[in-house]
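Structural description and commentary
Listed below, chain by chain, are the residues.
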Amino acid sequence: DAEITQSPRHKITETGRQVTLACHQTWNHNNMFWYRQDLGHGLRLIHYSYGVHDTNKGEVSDGYSVSRSNTEDLPLTLESAASSQTSVYFCASSGLVGHEQFFGPGTRLTVL
Amino acid sequence: DAKTTQPPSMDCAEGRAANLPCNHSTISGNEYVYWYRQIHSQGPQYIIHGLKNNETNEMASLIITEDRKSSTLILPHATLRDTAVYYCIVRVAGQTGANNLFFGTGTRLTVIP
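Computed from a predicted structure; not experimentally measured. (Residues numbered from 1 in each chain as written. Chains lettered and ligands numbered in written order. Predicted model: local features only at pLDDT ≥ 70, side-chain atom pairs only at ≥ 80, totals over all residues. Heavy atoms only, no water.)

1. A closer look at the interface of chain A and chain B
For clarity, the cut-off: Residues count as neighbours in contact if any of their non-hydrogen atoms are within 4.5 Å of one another. Here the buried area means the combined drop in accessible surface, using a 1.4 Å probe, for two parts upon being joined, counting both sides. Salt bridges, as used here, are contacts in which a Lys or Arg side-chain nitrogen is within 4 Å of a carboxyl oxygen on Asp or Glu.
At the junction of the two partners, chain A supplies 23 residues and chain B supplies 23 residues. Both faces combined, the contact of chain A with chain B buries some 1700 Å², and carbon together with sulfur accounts for 54% of it. Sorting the residues of chain A by area buried against chain B places L43(A), Y50(A) and H99(A) first, and these three jointly supply 33% of that buried surface. Linking chain A to chain B there are zero salt bridges.

2. Focus on the environment of V92(B)
The following threshold applies: Comment: elements are numbered from the N terminus, with helices defined as DSSP H or I runs of at least four residues and strands as E runs of at least two.
Tracing the backbone shows V92(B) in strand β8 (residues 84-92). Separated by 24 residues in sequence, V92(B) and R68(B) place their C-alpha atoms 14 Å apart.

3. Some words on the nonpolar core
Quick reminder of the rule: Residues belong to a common nonpolar core when they are buried Ala, Val, Leu, Ile, Met, Phe, Trp, Tyr or Cys residues joined through side-chain atoms within 4.5 Å. For every residue, the accessible area obtained with a 1.4 Å probe (protein chains only) is divided by the maximum for its type, and the residue is called buried under 20%, exposed over 50%, and partly exposed between those limits.
Core analysis: the biggest nonpolar cluster contains 21 residues, and W35(B), L73(B), Y86(B) and L109(B) have the highest contact counts within it. Taken together, the elements giving at least two residues each to this core come down to β2 (18-23), β3 (31-38), β4 (45-50), β6 (61-64), β7 (70-75), β8 and β9 (107-112) of chain B. A total of four residues in this core trace back to one element, the largest contributor, which is β8(B). Discounting chain neighbours no more than four positions away, the residues touching Y86(B) are Q6(B), L20(B), W35(B), Y36(B), R37(B), I47(B), L73(B), L75(B), G106(B), T107(B) and L109(B). Residues L45(A), Y50(A), Y87(B) and F103(B) belong to the second largest nonpolar core, which totals 19 residues.

4. With respect to the packing of aromatic side chains
Residues and elements named next belong to chain A. Basically, it comes down to this: Two aromatic rings from Phe, Tyr or Trp, using only the six-membered ring of Trp, form a pair when their centres are within 6.5 Å; if the ring planes differ by under 30 degrees the pair is stacked, by over 60 it is edge-to-face, and anything between is tilted.
This structure, assessed with the given rule, holds 13 aromatic pairs over all chains. Between the aromatic rings of Y35 and F103, the centroid separation amounts to 5.5 Å while the plane-to-plane angle is 35 degrees, which identifies the pairing as tilted. With Y35 in strand β4 (residues 31-38) and F103 in strand β10 (residues 102-103), this residue pair connects regions lying 68 residues apart in the sequence. Looking at Y35, the relative accessible area reads 0%, which means it is buried.

If you want it as structure tokens, here you go:
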């Protein structure tokens, strides 16, 4: 069955370190998204991609970057982790029309 | 971007219908209404969407008012597993709307035994 996975599921890192969160989907979807979720804020869009080599900034993109070298993967990189980036991160994907986004199980990131 | 207003929390007795309201008074003609839910510690799950007409699927029904300024998600027979945060979202479909998927804080539905 097609699915979307995230790794790692839990990560603890130190301030200033570079961190990369992986997202892999087997739906063959063109659209992929990264969100973060914090108490009191719901889900906020970080970056998104409409296809290979396409990336776009979302609502809260500062301090994050993504690259799309193939259809299946959209890794999220924190260039220099900050305590404010402690959060739960969700990856999602959707087809061209995008009525339904499929979400991964999430990665809980703690920056000490 | 059209935004939505939802009550922060609601309770529903197990086996009864849960009716979750959503106001979206600034919705544009080409914007759809979407409902997602998030069960504790899991990723959000798509429930249903609609443009103008009422919609029904195996999970829920979506009732959209004629002026499209509000809608109601109906879970016909709520179970304890329906306890979750429910998000009402309005957005344009397709790639042009990808950056308009705004989740807000949703309604926390608690189904009571």
